[in-house]
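Chain by chain, the residues:
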Amino acid sequence: MKHISIGEAELEIMKVIWKAKEPITSLEIGRAVENKGWKKTTIATFLARLVEKGALSAQKQGKLYYYSPMITEGEYKKSQTRNLIKTLYNGSLKDFAVALFEEESLSDQDIKELRAIFDDMEG
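This section reports on the structure supplied with the text. Note that the coordinates shown come from a computational prediction; the quantities given were computed from them, not determined experimentally.

1. Some remarks on the packing of helix 1 (residues 8-20) against helix 3 (residues 40-53)
- Running from amino to carboxyl end, helix 1 crosses helix 3 at an angle of 80 degrees, the nearest separation of the two axes being 10 Å. The angle between helix 1 and helix 3 places the two elements in the roughly perpendicular class. Together, A9, E10, I13, M14 and I17 of helix 1 and I43, F46, L47, R49, L50 and K53 of helix 3 make up the contact between the two elements.
- Among the residues forming the contact of helix 1 with helix 3, the class breakdown is eight nonpolar, no polar and three charged.

2. Quick notes on a nonpolar patch on the surface
- Together, L100, F101, L106 and I111 make up an exposed nonpolar region whose accessible area comes to about 290 Å².
- Secondary-structure assignment places I111 in helix 6 (residues 108-122).
- On the basis of relative accessible area, I111 is assigned to the partly exposed category, the value being 32%.

3. Considerations on the pattern of salt bridges
- Per the stated rule, a full pass over the model turns up six salt bridges.
- With a closest N to O distance of 3.7 Å, E10 and R49 form a salt bridge. Here R49 lies in helix 3 and E10 lies in helix 1, a separation of 39 residues in the sequence.
- A relative accessible area of 3% means that E10 is categorised as buried.
- In this structure, K94 engages D95 in a salt bridge whose closest nitrogen and oxygen atoms are separated by 3.4 Å.
- Judged by its relative accessible area of 36%, D95 is partly exposed.

4. What to know about the nonpolar core
- Core analysis: the largest hydrophobic core is formed by 20 residues, its most contacted members being I6, I13, M14, I17, I29 and L47.
- Secondary-structure elements contributing two or more residues to this core are helix 1 and helix 3.
- Looking at this core, the element that brings in the most residues is helix 1, giving six residues.
- Discounting chain neighbours no more than four positions away, the residues touching I17 are I24, I29, L47, L56, Y67, S68 and P69.

Analysis parameters
All residue numbers refer to positions counted from 1 along the written sequence of the respective chain. Since the coordinates come from a predicted model, pLDDT governs what is reported: local features require at least 70, and pairs of side-chain atoms require 80 or more to be given and counted, while whole-chain, interface and lining totals use all residues. Processing note: side-chain calculations cover all non-hydrogen atoms of the structure and skip hydrogens and water entirely. Axes, fitted as lines to C-alpha atoms, cover a helix only where it is in contact. Angles between the N-to-C directions of the axes lie from 0 to 180 degrees. Elements are defined by DSSP. Helices are runs of H or I of four residues or more, strands are runs of E of two residues or more, and each kind is numbered from the N terminus. Note on angle classes: values under 35 degrees are labelled roughly parallel, values over 145 roughly antiparallel, values of 65 to 115 roughly perpendicular, and the remainder oblique. Residue contacts are defined here by distance: any two heavy atoms, one from each residue, within 4.5 Å place the two residues in contact. Under the grouping applied here, Gly and all other residues not named as nonpolar or charged are polar, the nonpolar ones being Ala, Val, Leu, Ile, Met, Phe, Trp, Tyr, Cys and Pro and the charged ones Asp, Glu, Lys and Arg. Patches in this entry comprise residues that are over 30% relatively accessible and not in a salt bridge; like charges within 9 Å are linked, as are nonpolar side chains (Val, Leu, Ile, Met, Phe, Trp, Tyr) within 5 Å. All accessible-area figures derive from a Shrake-Rupley calculation using a 1.4 Å probe, and residue coverage is judged against the displayed protein chains alone. Throughout this description, the term salt bridge denotes a Lys or Arg side-chain nitrogen within 4 Å of a carboxyl oxygen of Asp or Glu. Exposed residues in this analysis have more than 50% of their type's maximum accessible area, buried residues have under 20%, and partly exposed residues fall in between, with area computed by a 1.4 Å probe over protein chains only. By convention a nonpolar core is built from buried Ala, Val, Leu, Ile, Met, Phe, Trp, Tyr and Cys residues, the set being connected through side-chain atoms within 4.5 Å.

Dropping the structure here:
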């Protein structure tokens, strides 16, 4: 999957669209993010950029456009994680894991869950 770069504000729009689980209009998106204080033109700009980047599709029905995600939230997170590891850790998953575990104090429960994940991967 191609890495799609999505800005922080655009990600807020994507979260609304992923949560909707069906095509959604800019009016509905605007209502969902009204606490941000964004104007309709700002939201329209974010939507246009996301369509241009290939993150969204826009279908016109009557006078309204309905927006649908072209990538799932899971695909986006995987792409972001791969890009982070590639950029900051020269592609080394081991170096990424070491840095993560050195910074975070893991509880016994965290360690247990991680062990179970590794066991599942090996089995």
